[in-house]
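# Reading the structure
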Amino acid sequence: MIFKFIVLDLERRMDQFSNEEGYAFYLKSRSLCSYLERFIYSFKIKTPGYNQLGIKGFKKTEYNPYINSSQVLVTHLDFNLEAYKEDLKSGNHEKINEYYIHFLKEGLKTINDDFQLPKSKIIEGIELFRENNYINKWLLIERRITGRGLSCYLECQLTLDIFSIDLVVLERENEIKRERIVSDIPNPIIYFNHFGDLKVTKEGTIQISNRSKNIFYSKNVNEIL
């Protein structure tokens, strides 16, 4: 199987953590994990019997790593919710991202080489994320605007708190206009539905559609500039 996904979460049940606590923890992890997923998937690394790594926090755990029926390599860590909340209170972008990096690295330590997890590539991706100042941006679609010497593209970004898509207009590779067209929570199941298409008509109208092919943005380039 091709290794594709990394998920950081908390065990959500009555004797562990609430669904609200687990969901909030998961959402803030997506900026790091999405960055790593794109980086690692580019290498098409094969793993035996799983395509996802799942690291879960527990109040107290003694579980060993295992591959579940959903083809996920699962490992568990002890998790101190109060210590995590103290880091959140700081509001420090770097500190919070480093908390997730530490959580991920601690999870990697629990997994032996028999599982053939591409740890070195994950670590390499983490270092690139740091070098990029913990910013997760990527180009989704690019199109030329015929006869105007212009082009446009959709730029996605995931932060600790939001997922966004910006429409960016270029003139000879210089940015001349940027407009936020999507802002949503950083849940991939939700923001995946925003990934559709970008088209430019002969008249210079920029049309952006979602996954369901519904056009939710339509403006002539003359209105934008």
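In the block above lies the structure referred to throughout.
These remarks concern the structure in this document. Being a predicted model, the structure only gives us computed values, none of them experimental.

### Digging into the overall build of the protein chain
On a plain count of helices and strands, the protein chain comes out with six helices and eleven strands. In the protein chain, buried positions account for 47% of the 225 residues. Put simply, of all contacts in the protein chain between residues at least 6 apart along the chain, 52% involve residues at least 24 apart. When the accessible surface of the protein chain is split by element, carbon and sulfur atoms take 48% of a total near 12,200 Å². Looking at charge distribution, the protein chain has the averaged site of its 32 positive side-chain charges lying 5 Å from that of its 31 negative ones.

### Let's talk about the sheet that holds strand E11 (residues 215–220)
Across the sheet, which stays open at both edges, the three strands sit in the order E9-E10-E11 with antiparallel pairing between neighbours. Because the sheet does not close on itself, it has two edges, and the strands there are strand E9 (197–200) and E11. Sheet twist, expressed as the mean angle between neighbouring strand axes with direction ignored, is 15 degrees.

### Details of unusual backbone geometry
Although it is not a glycine, Lys44 sits at a positive phi angle of roughly 50 degrees. Summarising the element assignment, Lys44 is placed in the loop between helix H1 (19–41) and strand E2 (52–58). The exposure class of Lys44 is partly exposed, given its relative accessible area of 45%.

### A look at the pattern of salt bridges
Within this structure, the stated rule accounts for 19 salt bridges. Among the ionic pairs, Glu106 bridges to Lys109, the shortest N-O distance being 2.8 Å. In this pair, Glu106 and Lys109 are both assigned in helix H3 (residues 93–109), three residues apart and thus about one turn of the helix distant. Across the pair Glu127 and Arg130 runs a salt bridge, and its minimum N-O distance is 2.6 Å. A residue pair is termed a helical-turn pair when its members lie 3 or 4 positions apart in one helix, as Glu127 and Arg130 do in helix H4 (residues 119–131) at three residues.

### Examining the side chain of Glu179
Within the secondary structure, Glu179 sits in strand E8 (residues 174–184). Look at Glu179 and you get buried, because its relative accessible area is 19%. Within the structure, the side chain of Glu179 is placed 3.2 Å from the side chain of Lys219, a separation counted as a polar contact. Leaving out residues up to four positions away in the same chain, Glu179 has contacts with Ile165, Asp166, Leu167, Tyr217, Lys219 and Ile224.

### A word on the packing of aromatic side chains
Applying the stated criterion to the full structure yields 21 aromatic pairs. Consider the rings of Phe79 and Tyr84, whose centres lie 5.7 Å apart with planes at 55 degrees: the pair is tilted. This pair shows no difference in class: Phe79 is buried, exactly as Tyr84 is. Ring geometry for Tyr84 against Tyr100: centres 6.0 Å apart, planes inclined by 80 degrees, an arrangement best described as edge-to-face.

Criteria and thresholds
Residues numbered from 1 in each chain as written. Predicted model: local features only at pLDDT ≥ 70, side-chain atom pairs only at ≥ 80, totals over all residues. Heavy atoms only, no water. Helix = DSSP H or I, 4+ residues; strand = E, 2+ residues; numbered from the N terminus. Buried < 20%, exposed > 50% of the residue type's maximum accessible area, 1.4 Å probe, protein only. Contact = heavy atoms within 4.5 Å. Areas by Shrake-Rupley, 256 points an atom, 1.4 Å probe, with all protein chains shown as cover. Lys, Arg positive; Asp, Glu negative; His and termini not counted. Charge placed at Lys NZ, Arg CZ, Asp CG, Glu CD. Pairing = 2+ DSSP bridges. Axes fitted to C-alpha atoms, helices over the stretch in contact; angles between N-to-C directions. Salt bridge = Lys/Arg side-chain N within 4 Å of Asp/Glu carboxyl O. Polar contact = N/O pair within 3.5 Å; in protein donor to acceptor, adjacent residues only side chain to side chain. Phe/Tyr/Trp six-rings, centres within 6.5 Å; stacked < 30°, edge-to-face > 60°.

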